[in-house]
Amino acid sequence: YYVFRSSANEEVVVGKDAWLYLTETFTSPVLPDKDLGLIVDRLQNLALSLESSGSKLVFSVVPDKKTVYPEYLPGRLSILEGENLLALRKVVEAGGFDFEFYDLSEYFIDLKQDLMLYSPQDTHWNRYAAYLAYRLLTSGEEVELADKQTYSRAGDLSRLIGLNSVEETWEPVIDFSQASDFSALLFIDSFGEGLLPFFREEFSVVDNHHVMEVCPFSFEYSGKEDFVLVQIAERDLWVLASSYCEL
């Protein structure tokens, strides 16, 4: 497959220098303004409801690998790079909303010159990128870079095309302080699973649901949540405007 840069599995796009991409990230819809407005309205209503019980709402979109690393895409592909993210950011910045919004694409694009954040044969960020995202989402500030070490993982995209290769990527070397008394409720996807170890180190109670299976806008909250995170991948942003996630 390296010679012909083609994949027998339609779910995988083969890029330059053996970089692999998930085909789904090229076919996700560009959202119209009304859908972007609906997402923001739903988040605002949730933020106001949570605020009445003292809970904080954080919303984050994790960029697809093609958005952070377009330089390895095959030449035949052109992408509307981060179009949904850019449009959503403009909507949020135009109004005074009560939730915190983190589009991680610009942060990661700035950092990628010095750090490996995603790896060639996997869809997802590595543990180091997940740690940086965790610190930003929980503190609201970009943090000083931690020491790092390598670890091995089998790339999910590699498995899809039958290579089952193992690659080395980075994770942080950190010591966590004692867990706080705060509780966290997380609506996350497969990217967000990388955040869980860090939340469990520093929050006394961590409850999590898959954002594609449990809608944060219709969830029955206890009123005891200190920190609520809604995290979704760029390619799945449309879900938050769909009828699945109606109030």
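Just so we're clear, the structure is a prediction, and the values are computed from it rather than from any experiment.

1. A word on the pairing of strand β9 (residues 227–233)
Item 1. For β9, a buried count of 7 out of 7 residues is recorded, marking the element as mostly surrounded by other parts of the structure.
Item 2. By the alternation rule, side chains of β9 split into F227, L229, Q231 and A233 and V228, V230 and I232, which are all buried.
Item 3. As defined by bridge partners, strand β3 (residues 56–62) adjoins β9 across 7 bridges and the pair is classed as parallel. Directly across from K56, in β9, lies its bridge partner F227.
Item 4. In terms of strand pairing, strand β7 (residues 183–188) meets β9 through 4 bridges, oriented parallel. Counted as the bridge partner of A184 is F227 from β9.

2. What to know about the confidence of the model for the protein
Item 1. Across the protein, the average pLDDT comes to 90, with 93% of residues at 70 or higher.
Item 2. Contacts of residues 1–5 to residues separated by more than four positions or lying in other chains number 15 contacts, the stretch itself having pLDDT below 50.

3. What to know about the nonpolar core
Item 1. With 39 residues, the main nonpolar core has F108 and W125 as its most contacted residues.
Item 2. Elements with a contribution of two residues or more to this core: β3, α5 (105–111), α6 (127–139), β7, α8 (196–202) and β9.
Item 3. Top contributing element to this core by residue count: α6, with 9 residues.
Item 4. Those residues in contact with W125 that lie beyond four places of it in its chain are V62, L104, F108, L117, Y118, A130, A133, R153, F191, G194 and L195.
Item 5. Counting residues in each nonpolar core, the second largest holds 29 residues, with L36, I39, V61 and L237 among its members.

4. Digging into the pattern of salt bridges
Item 1. As enumerated under the stated definition, the model contains 9 salt bridges in all.
Item 2. Linking E106 and R89 is a salt bridge whose minimum nitrogen-to-oxygen distance equals 3.3 Å. Pair noted here: E106 is in helix α5 and R89 is in helix α4 (residues 83–94), with a separation of 17 residues, a long-range link.
Item 3. For E106, a relative accessible area of 46% gives the class partly exposed.

5. Re the side chain of R235
Item 1. Note on placement: R235 falls in the segment after β9.
Item 2. By relative accessible area, which is 9% here, R235 ends up buried.

6. Digging into the layout of surface pockets
Item 1. A volume near 300 Å³ is recorded for the largest pocket.
Item 2. Residue lining of the largest pocket: 16 residues in total, with W125, R127, Y151, R153 and G194 positioned closest to the centre.
Item 3. Those elements giving two or more residues to the lining of the largest pocket turn out to be α6, β5 (147–154), β6 (166–173) and α8.
Item 4. Class assignment for the residues of the lining of the largest pocket results in 7 nonpolar, 4 polar and 5 charged.

7. Concerning the environment of K148
Item 1. Of note, K148 is situated in strand β5.
Item 2. K148 gets classed as partly exposed once you look at its relative accessible area, which sits at 40%.

8. So, the environment of Y21
Item 1. Mapped onto the secondary structure, Y21 falls in strand β2 (residues 20–22).
Item 2. Sequence separation of Y21 and E11 is 10 residues, and the distance between their C-alpha atoms is 8.5 Å.
Item 3. Setting aside chain neighbours within four positions, we find Y21 in contact with E11, V12, V13, G15, F26, K65, K66, Y69, Y72, L73 and L157.

9. Digging into α6
Item 1. Between the first and last C-alpha of α6 there are 18 Å, a value that for 13 residues agrees with the 18 Å anticipated at 1.5 Å per step.
Item 2. Most of α6 sits inside the fold, with 10 of its 13 residues counted as buried.
Item 3. Those residues of α6 that fall on the buried side of the exposure criterion are Y128, A129, A130, Y131, L132, A133, Y134, R135, L136 and L137.
Item 4. Backbone nitrogen of Y128 and a side-chain oxygen of the N-cap are separated by 3.1 Å at the start of α6; the cap is N126.

Calculation criteria
- Residues numbered from 1 in each chain as written.
- Predicted model: local features only at pLDDT ≥ 70, side-chain atom pairs only at ≥ 80, totals over all residues.
- Heavy atoms only, no water.
- Buried < 20%, exposed > 50% of the residue type's maximum accessible area, 1.4 Å probe, protein only.
- Helix = DSSP H or I, 4+ residues; strand = E, 2+ residues; numbered from the N terminus.
- Pairing = 2+ DSSP bridges.
- pLDDT = per-residue confidence, 0-100.
- Contact = heavy atoms within 4.5 Å.
- Core = buried A, V, L, I, M, F, W, Y, C linked by side-chain atoms within 4.5 Å.
- Salt bridge = Lys/Arg side-chain N within 4 Å of Asp/Glu carboxyl O.
- 1 Å grid on protein atoms, 1.4 Å probe; cavity = no way out; pocket = protein on both sides within 12 Å on 5 of 7 lines; lining within 4 Å.
- Points joined across faces, edges and corners; volume = space filled by probe spheres on them.
- Nonpolar A, V, L, I, M, F, W, Y, C, P; charged D, E, K, R; others polar.
- Expected span 1.5 Å × (residues − 1).
- Polar contact = N/O pair within 3.5 Å; in protein donor to acceptor, adjacent residues only side chain to side chain.

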